Amino acid sequence: MRIILAQAPAGRPEPPVFPLGLAFLAGQLKGHDIRAIDLALHRDPAAALRRAVGSFDPDVIGFSLRNIDDSSYPITYSYFLPFGEVVRSLEDWNGTVVVGGTGFSIYPRQVMQRAPRVDYGIVGEAELEFPGLMERIEKETVPRRAGGTLLKAGHVDLSRLDSPAYEVFDIEPYRGKRYSVGVQSRRGCPMGCTYCTYGYLGGRAFRRRPIESVVDDIATLERLGLASFAFVDSLFNEPRDYFHALLEAIAESGTELRWSCWIDESVTPADLERMVEAGARKVDFSPDAITDRGSSLLGKRAGAGRLFPIVRQARKAGLFVGVNFFNNNPGEGLGALLRKLLFTLRARLLLGWRNTVVNIGTIRVYDHSKLAEEMRDQGLVEQDCDFFEPVFYSSPGPADWLYRALSRLRRLRHGGG
Ligand code: SF4
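Our subject in this report is the structure included herewith. (Residues numbered from 1 in each chain as written. Predicted model: local features only at pLDDT ≥ 70, side-chain atom pairs only at ≥ 80, totals over all residues. Heavy atoms only, no water.)

## A few points about the overall build of the protein chain
Convention followed: Strands are runs of DSSP state E lasting at least 2 residues, helices are runs of H or I lasting at least 4, and numbering of each runs from the N terminus. Just to be clear, the radius of gyration here is over C-alpha atoms, and the globule rule we use is 2.2 Å times residues to the power 0.38. It only takes one pair of heavy atoms within 4.5 Å for two residues to be counted as in contact. Note on areas: these come from Shrake-Rupley sampling with a 1.4 Å probe, and a residue is covered only by the protein chains present in the view.
Check the secondary structure of the protein chain and you find 16 helices and 15 strands. In summary, the protein chain has a C-alpha radius of gyration of 22 Å against a globular reference of 22 Å for 417 residues, a match within 12%. Along the three orthogonal principal directions, the C-alpha set of the protein chain runs to about 60 × 55 × 40 Å. Long-range pairs, those at least 24 residues apart, make up 73% of the contacts in the protein chain with a sequence separation of at least 6. Approximately 18,800 Å² of the protein chain is accessible, and the part contributed by carbon and sulfur atoms is 51%.

## A short note on helix α10 (residues 240-253)
Put simply, the rule is: Helix span, expected: 1.5 Å multiplied by one less than the number of residues in the helix. The buried label applies to any residue whose accessible area, calculated with a 1.4 Å probe on protein chains only, is under 20% of its type's maximum; exposed applies above 50%, and partly exposed to all values in between.
The terminal C-alpha atoms of α10 lie 20 Å apart, and with 14 residues this matches the ideal 20 Å at 1.5 Å per residue to within 8%. For α10, the complete set of buried residues consists of Y242, F243, H244, L246, L247, A249 and I250. Each element contacted by the buried residues of α10 is listed here: β8 (186-187), β9 (207-208), α9 (211-223), β10 (228-231), β11 (258-263) and α11 (269-277). Trailing α10 by a residue or two, G254 shows a phi angle of about 75 degrees, which is positive.

## Focus on the sheet that holds strand β6 (residues 149-152)
What counts here: Whether two strands pair depends on DSSP finding at least two bridges between them. Axes here refer to lines fitted to C-alpha atoms; in helices the fit is confined to the stretch in contact. Angles between the N-to-C directions go from 0 to 180 degrees.
Spatially, the six strands line up as an open sheet ordered β2-β1-β3-β4-β5-β6, and their pairing is parallel. With one partner strand each, in any of the chains shown, β2 (33-38) and β6 form the two edges of the open sheet. For this sheet the average axis-to-axis angle between neighbouring strands, irrespective of direction, equals 20 degrees. With two bridges connecting them, strand β4 (residues 96-100) and strand β5 (residues 120-123) associate as parallel partners. Each bridged residue has a counterpart across the sheet, and for V98 the counterpart in β5 is Y120. Against the sheet, helix α1 (residues 20-28) contacts β1 (2-7) and β3 (60-64), and its axis sits at roughly 160 degrees relative to β1.

## Quick word on the site of the ligand
Heads up, the condition is: For this purpose, a residue is taken to be near a molecule or strand whenever a single non-hydrogen atom of the residue falls within 4 Å of it. In the scheme used here, Gly and all other residues not listed as nonpolar or charged are polar, with Ala, Val, Leu, Ile, Met, Phe, Trp, Tyr, Cys and Pro taken as nonpolar and Asp, Glu, Lys and Arg as charged.
With respect to spatial proximity, the complete set of residues near the ligand consists of C189, M191, G192, C193, Y195, C196, Y198, S234 and K300. When the residues that make up the shell around the ligand are grouped by side-chain class, the tally is six nonpolar, two polar and one charged.

## A closer look at the nonpolar core
Going by this rule: Only buried residues count toward a nonpolar core. Its members are Ala, Val, Leu, Ile, Met, Phe, Trp, Tyr and Cys residues joined through side-chain atoms within 4.5 Å.
Grouped together as the largest cluster of nonpolar side chains are 82 residues, with contacts concentrated most on F130, M134, F231, W259, M275, F285 and F343. Among all residues touching M134, those that are not within four sequence positions of it are M1, I3, L29, H32, V60 and V98.

## Examining the sheet that holds β11
Across the sheet, which stays open at both edges, the seven strands sit in the order β7-β10-β11-β12-β13-β14-β15 with mixed pairing between neighbours. A strand with exactly one partner marks an edge of an open sheet, and here the two such strands are β7 (182-183) and β15 (392-393). Pairing analysis gives two bridges linking strand β14 (residues 356-364) to β15, with the strands arranged antiparallel. Across the sheet, the residue bridging to I363 is Y393, located in β15.

## Regarding the packing of aromatic side chains
The relative placement of two aromatic rings is captured by the distance of their centres and the angle of their planes. Put simply, the test is: In this scheme Phe, Tyr and Trp rings, the latter by its six-membered ring, pair at centre separations within 6.5 Å, and the angle between planes marks the pair as stacked below 30 degrees, edge-to-face above 60, and tilted otherwise.
The full count for this structure, using the stated rule, is 19 aromatic pairs. Plain terms: the ring middles of F80 and F83 are 6.1 Å apart, the flat faces sit at 55 degrees to each other, and that makes the pair tilted. Of this pair, F80 and F83 both sit in helix α3 (residues 80-88), three residues apart, which is roughly one turn of the helix. Note on accessibility: F80 and F83 belong to one class, buried. Where F325 meets F343, the ring centres are 5.4 Å apart and the plane angle is 90 degrees; that geometry is what we call edge-to-face. On the criterion of sequence distance, the pair formed by F325 in strand β13 (residues 320-327) and F343 in helix α14 (residues 334-351) is long-range, its members being 18 residues apart.

And the structure:
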């Protein structure tokens, strides 16, 4: 079969993000002729796809829809709309359109209803289901044009997956942007933070890839001439035995690549030193709340008190640090927002203005999160609210007003109006 794997367009200029999910999929698609295209890199994605279809004449186009929107508050940008436009542009083409990806897997029904040209939608991890579908289409046991058929895929056994085929995409556009190419060492997360959909998508336990496969991926990226990559894992410092073994294997591999990852406040100063030795240069924390009550209401395991000391340790180890908070999250209002702003000033002034960055967002609630359930139970939204149109956990009041004013100032400063 001739298959185009297409990353959904962003619809606006954005920093490149390598389509790792499609690279994993390409790695499992043996015996097919594959072309891959990242439509997010194209100013006119429909025209780019038309050209690819014209020159390659595929039987199937498989889209990955990573996110349905950018989760920004108070102005939210839809990624579904440009995706819908590209899919609509295939009305006159007679091949099979398949869609999957994390954004799709949260909202399969809503996407299929709004994009009727899609023949098959794969909910969940598509690495085994998609090749199986290709075989069934080839053997004509299922129709090529299926008019919106949903297929449910379970979690795959990561130890049996072949490596992602990074080389299926032209790596050049990602080379200039640090940490734009991902490496995945585990899926799923048992932490259960109330707003998060990772547990729904990847399972409520860590599923680990064999360490040698992860080290092989890093070697592949080095061969492709990259200088850095990002671990896209939920929580890099857990489970601890795997974390330590992986650090040791990366350090032993002698790679020159620099990398980033997401960690939490339970990481130790010794861990941070080992990470730097293995090539880490950037870490992100997601404490989200600044009070113990706020942390506990979000289901975060770490209390707020450990944050500043561990950020200081990370800076001391030489790491660039990102810290992410929410505003107006459960149990926190104006007082907490002022504390988050003070934290920002203190961290940046004392630990390095350019190397310590704090981001304060507002919770975009997605379906299948605990918070979505809580909001339905508490009557904060209608019982049948599906959260496809953006819903934020925020209420009018001083914390929201101040946040909006600061957001507006930031947009004006960056020329966003
Ligand atoms: S926010 Fe992070 S730590 Fe919490 S459940 Fe999601 S992936 Fe896990």
